[in-house]
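# Fold and contact review
Listed below are the residues making up each chain.
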Amino acid sequence: RVTFSATTFRTERTEQSRNILGRLTETNNGFSSNNAQIQARQPIYRYRDRVAIDQAGAQLEAARAVSMYAEQELQFRLVSRWVEVLAARELVAVGEAALTAAIESLTEIERRLRGGDATVQDMQQARARAVQTEAQLTDAKAQLDIAELNLRETVGPEAAIPQTFSVKGLAGLAFTRLSSESL
């Protein structure tokens, strides 16, 4: 808002005085003044500034949403890697137990073959099962190595690989916003 104001003031004054001899002196004094003033005011509230503030707020909310999405994606990837490691460990444990059982079965069939209670074909099938179980164990160990490598690539070389896993326990951790149902 811009305002302009102007004023003009003029005064004329005449003074007369007499001295002891009776002489008259007269003095005319005149005074005039002119004043002009321009005033510019800026309001506290400007629509343009309000729009800029609203846009900055919207950008902040968008950045928060992107950050939350990235955090949840990272959590999901981390949980997936942990599950892969734990599942691979279970496969190795099951494979080792199956190999032990297959070797015991092969030993028992060899003993029975010597005693005449089993055939050569039974022994060959037991050997094939033992070889197949050993191959499955080797595959499970390779899967475990790959799963641990993937976890280390996701988290870093200092990755802590849990020994056990519980969805309920994971949902209670401070870093996750996921519920047990969503996990």
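This one's a predicted model, so the numbers in the text were calculated from it and none came from an experiment.

When helices and strands are counted, the protein chain shows three helices and two strands. When the helices and strands of the protein chain are read in sequence order from the N terminus, they spell out β-β-α-α-α. Among the 183 residues that make up the protein chain, the fraction classed as buried is 17%. At a minimum sequence separation of 6, the contacts of the protein chain that also span at least 24 residues come to 60%. Accessible surface computed for the protein chain: about 14300 Å², of which carbon and sulfur atoms make up 55%.

Turning our attention to the packing of helix α1 (residues 47-115) against helix α2 (residues 120-155). Closest axis-to-axis distance for the α1/α2 pair is 8 Å, and the angle between their directions is 160°. Considered as vectors, α1 and α2 are oriented roughly antiparallel to each other. Here α1 and α2 pass one another in a crossing that is left-handed. A class-by-class count of the residues in the contact of α1 with α2 yields 22 nonpolar, five polar and 12 charged.

So, about the pairing of strand β1 (residues 2-18). Two elements, β1 and strand β2 (residues 24-40), share 17 bridges in a ladder whose sense is antiparallel. Bridge pairing in β2 places Gln16 opposite Glu26. Hairpin connection from β1 to β2: five residues lie between these consecutive antiparallel strands, with Gly22 at a positive phi of about 90°.

Between its first and last C-alpha, α1 extends 101 Å over 69 residues, near the 102 Å set by a 1.5 Å rise per residue. Once α1 ends, the next one or two residues include Gly116, with phi positive near 90°.

In total, this model carries eight salt bridges according to the counting rule given. For the salt bridge of Arg13 with Glu15, the shortest nitrogen-to-oxygen distance reads 2.8 Å. Across the salt bridge formed by Glu61 and Arg64, the nearest N and O atoms sit 3.0 Å from each other. On the criterion of helical spacing, the pair formed by Glu61 and Arg64 is a turn pair, its members being three residues apart in helix α1.

Moving on to a nonpolar patch on the surface. Side chains of Val2, Phe4 and Ile38 sit close together on the surface and give an oily, nonpolar patch of about 380 Å² of accessible area. Turning to its location among the elements, Val2 is positioned in strand β1. Judged by its relative accessible area of 65%, Val2 falls in the exposed class.

Rules of the game
- Residues numbered from 1 in each chain as written.
- Predicted model: local features only at pLDDT ≥ 70, side-chain atom pairs only at ≥ 80, totals over all residues.
- Heavy atoms only, no water.
- Helix = DSSP H or I, 4+ residues; strand = E, 2+ residues; numbered from the N terminus.
- Buried < 20%, exposed > 50% of the residue type's maximum accessible area, 1.4 Å probe, protein only.
- Contact = heavy atoms within 4.5 Å.
- Areas by Shrake-Rupley, 256 points an atom, 1.4 Å probe, with all protein chains shown as cover.
- Axes fitted to C-alpha atoms, helices over the stretch in contact; angles between N-to-C directions.
- Parallel < 35°, antiparallel > 145°, perpendicular 65-115°, else oblique.
- Left-handed = near helix turned anticlockwise from the far one by under 90°.
- Nonpolar A, V, L, I, M, F, W, Y, C, P; charged D, E, K, R; others polar.
- Pairing = 2+ DSSP bridges.
- Expected span 1.5 Å × (residues − 1).
- Salt bridge = Lys/Arg side-chain N within 4 Å of Asp/Glu carboxyl O.
- Patch = residues over 30% accessible without salt bridge, like charges linked within 9 Å, V, L, I, M, F, W, Y side chains within 5 Å.

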